[in-house]
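A closer look at the structure
If you want the building blocks of each chain, they are given just below.
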Amino acid sequence: MHFTLKGNFIFLCNFFNVRISGCGFESRKKYLFGKASAQIKLVQGDSAGTVTAYYMSSEGSNHDELDFEFLGNASGEPYIVQTNLYINGTGNREQRHYLWFDPTLDFHTYSFFWNRRSILFLVDDIPIREFENKEKKGIPYPKTQVMGIHGSLWNADDWATQGGRVKTNWSNAPFVVKFQSFEIDACELLPDEKDDPVVKCGKSGQFWWDKPVVKQVNKQRRTQLKWVRDNFLVYDYCQDIERFSEVPKECKK
Ligand SMILES: *[C@@H]1O[C@H](CO)[C@@H](O)[C@H](O)[C@H]1NC(C)=O
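To start, this report covers the structure provided alongside it. (Residues numbered from 1 in each chain as written. Predicted model: local features only at pLDDT ≥ 70, side-chain atom pairs only at ≥ 80, totals over all residues. Heavy atoms only, no water.)

**A short note on the overall build of the protein**
Along the protein, the regular secondary structure elements total two helices and 14 strands. In terms of overall dimensions, the protein is globule-like: its C-alpha atoms have a radius of gyration of 18 Å, near the 18 Å expected for 253 residues. Principal axes of the C-alpha set define a box for the protein whose edges measure 55 × 45 × 35 Å. Looking at the protein as a whole, 50% of its 253 residues are labelled buried. (Helix = DSSP H or I, 4+ residues; strand = E, 2+ residues; numbered from the N terminus. Rg over C-alpha atoms; globule rule 2.2 N^0.38 Å. Buried < 20%, exposed > 50% of the residue type's maximum accessible area, 1.4 Å probe, protein only.)

This is the structure we're talking about:
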């Protein structure tokens, strides 16, 4: 990995054994609601077997997590972006999309936009996924746990590329992914802060993302979501009837 990060991030790297090595960073501050963007340029050439992740996560076994996972591919074959959410420790909410550009040629912006009403996953400010708050229907929603911002690159050639059939070619190592230009506009807690995040981040009207006029999904974004879904969706857990005997409750309109 190659970084131009300062202050807010710490690094967790292991280069002792190249075949199990991975590398990552996490933010010192934690966040509850807001928008967090990073520009990422993915591994060029043969990235098969590698997974790059940009995600927000709380700690503990009942953690909440929002994920972008970029599944590498053989040279010239398309990356897949997998998004997922864990709520109270339970995930299994994967969606997969192709992108409308080659994510290895330039930096592109990947963002989470999270408030009480919904969570958007955006690529260059185009929403590729929305997860709505349906607590009224008894579906859990992440809104109490502060999350750190993380990035990592690791070997996942048992599943990542074409279902695990294409393996990491270690003669192409090192695999390099670049993160830059983090923009985090969110309710933040410092590492030692004792304030209750639910109280601190919940004062209504305090933050722009809580304003009633801030609709994550306006008419333009609704059109964009449909465009992405119609043209780039590869997999949606909501439609996976082999995996779930019953369609997950949150998938119902
Ligand atoms: C890799 O390329 C193959 C062939 O084009 C494609 O079927 C697959 O979805 C691509 N992505 C991954 C992550 O396997």
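Having put the structure on the table, let's press on.
**Thoughts on the site of the ligand**
Around the ligand, a shell composed of Leu71, Gly72, Asn73, Glu77, Pro78, Ile80, Tyr98, Ala160, Thr161 and Gln162 is seen. Glutamate 77 is positioned with one of its side-chain polar atoms (N or O) 2.6 Å from an oxygen atom of the ligand. Contact between the ligand and proline 78: a nitrogen atom at 3.1 Å from a main-chain N or O atom of the residue. The protein chains hide 74% of the 360 Å² of surface that the ligand would expose on its own. (Near = heavy atom within 4 Å. Polar contact = N/O pair within 3.5 Å; in protein donor to acceptor, adjacent residues only side chain to side chain. Areas by Shrake-Rupley, 256 points an atom, 1.4 Å probe, with all protein chains shown as cover.)

**Considering the packing of aromatic side chains**
In total, this model carries 24 aromatic pairs according to the counting rule given. Arranged with centres 5.7 Å apart and planes meeting at 70 degrees, the rings of phenylalanine 112 and phenylalanine 121 form a pair that is edge-to-face. In this structure, phenylalanine 112 and phenylalanine 121 share a single accessibility class: buried. A centroid spacing of 5.5 Å and a plane angle of 80 degrees characterise the contact between tryptophan 208 and tryptophan 209, whose relative ring orientation is edge-to-face. Taking relative accessible area as the criterion, tryptophan 208 reaches 34% and is therefore assigned partly exposed. These aromatic residues form a ring-pair network of at least three members: Phe25, Tyr54, Phe68, Phe70, Tyr110, Phe112, Phe121, Phe179 and Phe182. (Phe/Tyr/Trp six-rings, centres within 6.5 Å; stacked < 30°, edge-to-face > 60°.)

**Section: the pairing of strand β5 (residues 50-57)**
The element β5 is extensively covered by neighbouring structure, given that seven of its eight residues are classed as buried. With eight bridges joining them, β5 and strand β12 (residues 148-155) adopt antiparallel strand pairing. For threonine 50, the partnering residue across the bridge sits in β12 and is asparagine 155. Direction of pairing for β5 relative to strand β6 (residues 65-71): antiparallel, over a ladder of seven bridges. What sits directly across from serine 57, in β6, is glutamate 65. (Pairing = 2+ DSSP bridges.)

**Notes on the state of the cysteines**
Enumeration over the complete set of coordinates arrives at two disulfides. At a sulfur-sulfur separation of 2.1 Å, the disulfide partner of cysteine 187 is cysteine 201. Looking along the S-S bond of the cysteine 187-cysteine 201 disulfide, the torsion reads about -75 degrees, which is the left-handed sense. Linking cysteine 187 in strand β13 (residues 178-189) with cysteine 201 in the loop between α1 (197-200) and α2 (219-232), this pair joins segments that are 14 residues apart in sequence. For the pair cysteine 187 and cysteine 201, one class covers both residues: buried. Paired through a disulfide, cysteine 238 and cysteine 251 show a sulfur-sulfur distance of 2.0 Å. Classification of the bridge connecting cysteine 238 and cysteine 251 rests on its S-S torsion, roughly -75 degrees, and on that basis the disulfide is left-handed. Residue cysteine 238 is found in the segment after β14 (233-236), and its partner cysteine 251 is found in the segment after β14; the two are separated by 13 residues along the sequence. In this structure cysteine 238 comes out as partly exposed when scored by relative accessible area, which is 21%. Taking relative accessible area as the criterion, cysteine 251 reaches 18% and is therefore assigned buried. (Disulfide = S-S within 2.5 Å.)

**Points about the pattern of salt bridges**
Per the counting criterion, the structure on display carries 13 salt bridges. Between glutamate 59 and lysine 30 there is a salt bridge; the shortest N-O distance is 3.4 Å. Of this pair, glutamate 59 sits in the loop between β5 and β6 while lysine 30 sits in strand β4 (residues 30-41), placing them 29 residues apart in sequence. We note a salt bridge from aspartate 236 to arginine 229, for which the minimum N-O separation is 2.9 Å. Since its relative accessible area comes to 36%, arginine 229 is described here as partly exposed. (Salt bridge = Lys/Arg side-chain N within 4 Å of Asp/Glu carboxyl O.)

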